[in-house]
Amino acid sequence: MTDTENKIAIIGAGPIGTGIAHIGLAAGFNVVLIDQAQEALTKASSELTEAMARKLTQGQIDQAEHDARLGRLSHGADFSLVKSAGTVIESVSEIEDVKRTIYKSIRDHLSPDTLLATTTSSVSITRLAASSDRPHRFIGMHFMNPVPAMQVVEIIRGIATDDATYEQALALTKKLGKTPITAEDFPAFIVNRVLLPMLNEAVYTLYEGVGSVTAIDQAMKLGANHPMGPLELADFIGLDTCLSLMHVLYEGLADSKYRPCPLLVKYVEAGWLGRKTGKGFYDYSQDPPQPTR
């Protein structure tokens, strides 16, 4: 690969962006992580350093590989850092105006051939592409959280995405050690289109008193062989994220079966968003976590 092809710029140092940086370093890419919040960059850098140290301690990599991976990582706040990157992956919050602002801010720093990808799980790829300067070189690459552990990446073309961009995204996904799955540009794509209604239905099951938090989660773990119960999984994803995705489905498909459960709305209004706030369908201040309902 050329130096340009071997450089990935990731905008957004949250869990997804940090996870992509992790697998990018492991695959031999030079990775630059960009975020205008210094706190986010510091946290991401610390997490990546700790992750590489664990691999070294566990014997998964040797000292030379450990040092090489960290040596390929750089970070900063300036959008000009995307220069000479063959691929730029935007991984900021699911706020369309924020994404549009980023595309405008980086356009003067991109070469004509740079691939621009978004990790959005809900916003129309076609609409985002139209707000960039390169709709033909724009594509969706929806990574799952936690990125190092999850094996699939949804690849979503916008209406203007050309074949070369699509093939490049497939190849990049494979180089990162993941399996690409092609999805059409419809609300929530494949994984969340199937998963979120199930989680929402689990909340309805709790709301209607069909079962307790513990009963619902145990039923699905033992009865459907799921590794996590649906309410436990909703807490892991973040109840605000679940609600946002249900709104996308409900508004985008205009079908009442996607109506967010009122109990889910109530939990989000209370600020009980799951693990990240310490309380959701479980109270994580206790060990083991205890149901809150």
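Cut-offs and rules
Residues numbered from 1 in each chain as written. Predicted model: local features only at pLDDT ≥ 70, side-chain atom pairs only at ≥ 80, totals over all residues. Heavy atoms only, no water. Helix = DSSP H or I, 4+ residues; strand = E, 2+ residues; numbered from the N terminus. Rg over C-alpha atoms; globule rule 2.2 N^0.38 Å. Areas by Shrake-Rupley, 256 points an atom, 1.4 Å probe, with all protein chains shown as cover. Lys, Arg positive; Asp, Glu negative; His and termini not counted. Charge placed at Lys NZ, Arg CZ, Asp CG, Glu CD. Salt bridge = Lys/Arg side-chain N within 4 Å of Asp/Glu carboxyl O. Buried < 20%, exposed > 50% of the residue type's maximum accessible area, 1.4 Å probe, protein only. Contact = heavy atoms within 4.5 Å. Pairing = 2+ DSSP bridges. Axes fitted to C-alpha atoms, helices over the stretch in contact; angles between N-to-C directions. Patch = residues over 30% accessible without salt bridge, like charges linked within 9 Å, V, L, I, M, F, W, Y side chains within 5 Å. Parallel < 35°, antiparallel > 145°, perpendicular 65-115°, else oblique. Left-handed = near helix turned anticlockwise from the far one by under 90°. Nonpolar A, V, L, I, M, F, W, Y, C, P; charged D, E, K, R; others polar.

Asker: Would you explain the overall build of the protein chain in this entry?
Answerer: Looking only at helices and strands, the protein chain features eleven helices and ten strands. Taken against the 2.2 N^0.38 rule, which gives 19 Å for 293 residues, the C-alpha radius of gyration of the protein chain at 20 Å falls within 12% of a compact globule. A principal-axis box enclosing the C-alpha atoms of the protein chain has dimensions of 60 × 45 × 30 Å. Surface exposure of the protein chain reaches about 13800 Å², of which carbon and sulfur atoms provide 53%. In the protein chain, which carries 27 positive and 34 negative side-chain charges, the distance between the mean positions of the two groups comes to 1 Å.

Asker: Just to check I follow, could you spell out the pattern of salt bridges for this structure?
Answerer: Pairs may arise between side chains of opposite charge once their charged atoms sit close together. The tally for this structure, following the rule as stated, stands at ten salt bridges. Residue Glu90 pairs with Lys99 through a salt bridge whose shortest N-O separation is 2.6 Å. A relative accessible area of 0% means that Lys99 is categorised as buried. Lys276 is the partner of Asp240 in a salt bridge, and the nearest nitrogen-oxygen pair spans 2.8 Å. With a gap of 36 residues between them, Asp240 in helix α10 (residues 239-253) and Lys276 in the loop between α11 (262-269) and β9 (282-283) connect regions that are remote in the sequence. Taking the relative accessible area as the measure of exposure, Lys276 reaches 52% and is therefore exposed.

Asker: Help me understand the environment of Ile8 in this model?
Answerer: Relative to the helices and strands, Ile8 is located in strand β1 (residues 7-11). Placed 76 residues apart in sequence, Ile8 and Ser84 show a C-alpha to C-alpha distance of 9.0 Å. If sequence neighbours within four positions are ignored, Ile8 has contacts with Phe29, Asn30, Val31, Val32, Thr87, Ile89, Leu172 and Leu176.

Asker: What am I meant to see in the sheet that holds strand β8 (residues 179-183) here?
Answerer: Sheet strands pair via backbone hydrogen bonds, and the direction of the pair is either parallel or antiparallel. Pairing in this open sheet of eight strands is mixed, and the strands run β3-β2-β1-β4-β5-β6-β7-β8 from one edge to the other. Among the strands making up the open sheet, the edge pair consists of β3 (73-76) and β8. Each strand of the sheet is rotated relative to its neighbour by a mean of 25°, with strand direction disregarded. Judged from the four bridges that link them, strand β4 (residues 87-90) and strand β5 (residues 115-118) form a sheet pairing that is parallel. When the sheet's bridge partners are listed, Ile89 is paired in β5 with Ala117.

Asker: Would you mind showing me how to read a nonpolar patch on the surface here?
Answerer: A contiguous nonpolar surface patch, about 250 Å² in accessible area, is contributed by Ile181, Ile190 and Val194. If you trace the backbone, Ile190 turns up in the loop between β8 and α7 (191-207). Residue Ile190 is classed as partly exposed on the basis of its relative accessible area of 37%.

Asker: Help me out: how do you make sense of the packing of α7 against α10 in this one?
Answerer: When two helices pack together, their arrangement is given by the angle between the helix axes and the distance between those axes. Running from N to C, α7 and α10 cross one another at 110°; their axes reach a closest spacing of 10 Å. By the angle between their directions, the pair α7 and α10 is classed as roughly perpendicular. The hand of the α7/α10 crossing is left-handed. Facing α7, whose interface residues are Asn192, Arg193, Leu196, Pro197, Leu199 and Asn200, α10 presents Cys242, Leu245, Met246, Leu249 and Leu253. Classifying every residue of the contact of α7 with α10 by side-chain character gives eight nonpolar, two polar and one charged.

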